[in-house]
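What follows is each chain in one-letter form.
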Amino acid sequence: MKTRLITAGVGIPVTLGAMWAAGYYPFVLTCVVLLLCLIGVHEALRTAGADKVKLIYIPCFVYGVTVLLVPYIGDRVKMYGVIMAASMIYLFVMFGILLKKHSVLRIETVCTSMVLTMFVALPFMAVELIYFTMSESHIIGIILVTYCLLVSWVADGGAYFVGSAIGKHKLAPVLSPKKTIEGSVGGFVISMIISVCSAYVYADVLNYRPDGINYVNLAAITAVCILMSMFGDISFSTVKRQYGIKDFGNLLPGHGGVLDRFDSVLFVCPTFYMLNYLLPILK
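Here the structure is a predicted model, which means the values were calculated and not measured.

Visitor: Teacher, can you tell me more about the packing of helix α6 (residues 138-166) against helix α7 (residues 181-205) here?
Guide: Geometry of a packed helix pair, given as the angle between the helix axes and the separation of the axes. Two elements in contact, α6 and α7, have axes separated by 7 Å at closest approach and are oriented at 150 degrees. When the axis of α6 is compared with that of α7, the two are roughly antiparallel. Where α6 crosses over α7, the two elements pack in a sense that is right-handed.

Visitor: Teacher, can you tell me more about α6 here?
Guide: Taking 1.5 Å as the rise per residue, α6 with 29 residues should run 42 Å; its terminal C-alpha atoms sit 41 Å apart, in good agreement. N-cap assignment for α6: the residue whose side-chain oxygen lies 3.1 Å from the backbone N of I139 is S137.

Visitor: Looking at this structure, I do not really get the side chain of S264. What am I missing?
Guide: Within the element layout of this structure, S264 appears in the loop between α9 (258-262) and α10 (265-278). S264 has contacts with S152, S229 and D233, leaving out every residue within four places of it along the chain.

Visitor: Whenever I open this one, the packing of aromatic side chains confuses me. Can you help?
Guide: Given two aromatic rings, their pairing is described by the distance between the two centres and the angle made by the two planes. Scanning the model with the defined rule gives 15 aromatic pairs in all. Where Y63 meets Y90, the ring centres are 4.6 Å apart and the plane angle is 15 degrees; that geometry is what we call stacked. Taken as a pair, Y63 in helix α3 (residues 57-69) and Y90 in helix α4 (residues 76-100) lie far apart in primary sequence, 27 residues in all. No difference in accessibility class separates Y63 from Y90, as the two residues are buried. Between Y273 and Y277, the aromatic rings sit 5.3 Å apart at their centres with planes inclined by 85 degrees, giving edge-to-face as the arrangement.

The rules behind each value
The residue numbering used here restarts from 1 in each chain and proceeds along that chain's sequence as written. Residue-level local features of this predicted model are given only where pLDDT is at least 70; pairs of side-chain atoms are given and counted only at 80 or more, and the full residue set underlies all totals for whole chains, interfaces and linings. Side-chain figures throughout are based on the complete set of non-hydrogen atoms in the structure, without hydrogens or water. Axis lines are fitted to C-alpha atoms, over the contacting stretch for helices. Their N-to-C directions set the angle, which ranges from 0 to 180 degrees. Helix and strand definitions follow DSSP, with helices as H or I runs of at least four residues and strands as E runs of at least two, each counted in order from the N terminus. Note that the term roughly parallel is reserved for angles under 35 degrees, roughly antiparallel for angles over 145, roughly perpendicular for angles of 65 to 115, and oblique for everything else. By convention the crossing between two helices is left-handed if the near helix lies anticlockwise of the far one by an angle smaller than a right angle, and right-handed if it lies clockwise. A helix's residues, less one, multiplied by 1.5 Å, set its expected span. Polar contact is defined as a pair of N or O atoms within 3.5 Å, subject to the rule that within protein one atom must be able to donate a hydrogen and the other to accept it, and that residues adjacent in sequence are counted only when both atoms are side-chain atoms. Contacts: residue pairs with any heavy atoms within 4.5 Å of one another. Only centres within 6.5 Å qualify two rings of Phe, Tyr or Trp (six-membered ring in Trp) as a pair; their planes then separate them into stacked at under 30 degrees, edge-to-face at over 60, and tilted for everything else. Accessible area is worked out with a 1.4 Å probe on protein chains only. A residue is then buried under 20% of its type maximum, exposed over 50%, and partly exposed in between.

As C-alpha cells, then:
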C-alpha cells in the first residue's frame, strides 16, 4: 500500500505536468502516448509469449507508431482509410511471419499478439482523436483527455477503498478475487459525483467554458464510461488470469505495468470519443 501511494504521489504531478504542456504543444501528448503505447505493446507481446520470436515485435511496433500518427492527417475519411490499410498490411505481415516461423511460432500466439497490439494502439489513438477533433482548442482537448483519466482512475480508486472498507460480496471470484460488488457500486457513485462536479466547477464556477456544457449528455456518457472502465479492468484481469501472471509489468511499483494502470482507460477513451457524436457534451 505504501509503495502504491508513493508511486501515485510521484506519478500524479508528472501526469498533470505532461497534460499542462500538451495543452500548448501537441507533440508532447503524441510523445507521451506513443511511449505508453509501445511499452503497452511490449507488455502484451511478452504476455502472449511472442518475445520468443523477436521478429514479431517489428510489425507490432510499426503498426502502433503508424496508428498514433494517423490523427495528424486531419481529414477524417483519409484517417479511416489509412487505419484500414495499415490494419490489413499488419494482418498480412503477421501471417507471413507465421509461415516463416511456423516450426517455433503458434497461431494462437500470433492471433493473441495481433488482438492485444490493436487493442492497445487503437484506444491510445482515441486519446489523440479526443485531443485533436473534439474541440477547436488544444486546451479544451487536453481537459477532455484529463476527464477520461479522471473517470477511469477515480472509479478504480473509489472501488478499491470502498471495497477494502465494506466489501463482502465478490464481483468475480475467479477472475478477480479482490473486487467486490460494494466496491464497484461505491466506485461508480464516487466517480460519477467527482467527475461531473469537476466539469461543473471548471465550466461554470471558474467560467473556463463560457459556452457551457450539456450536463445531461455528460452524465449519460460518464455513466457508460464508468461501466466500461470496470469492464476493461475485469477484461484485462481475465487475460492475466488466463496466462497465470499477477501484473503485465513492473514499470510502476505497486501498480504493475502500463497495461495494469491504463486497462480501464483503454476502454473509456474510445467509448467517450464515440458517444460524443451521439450525445455532444460541448455546446
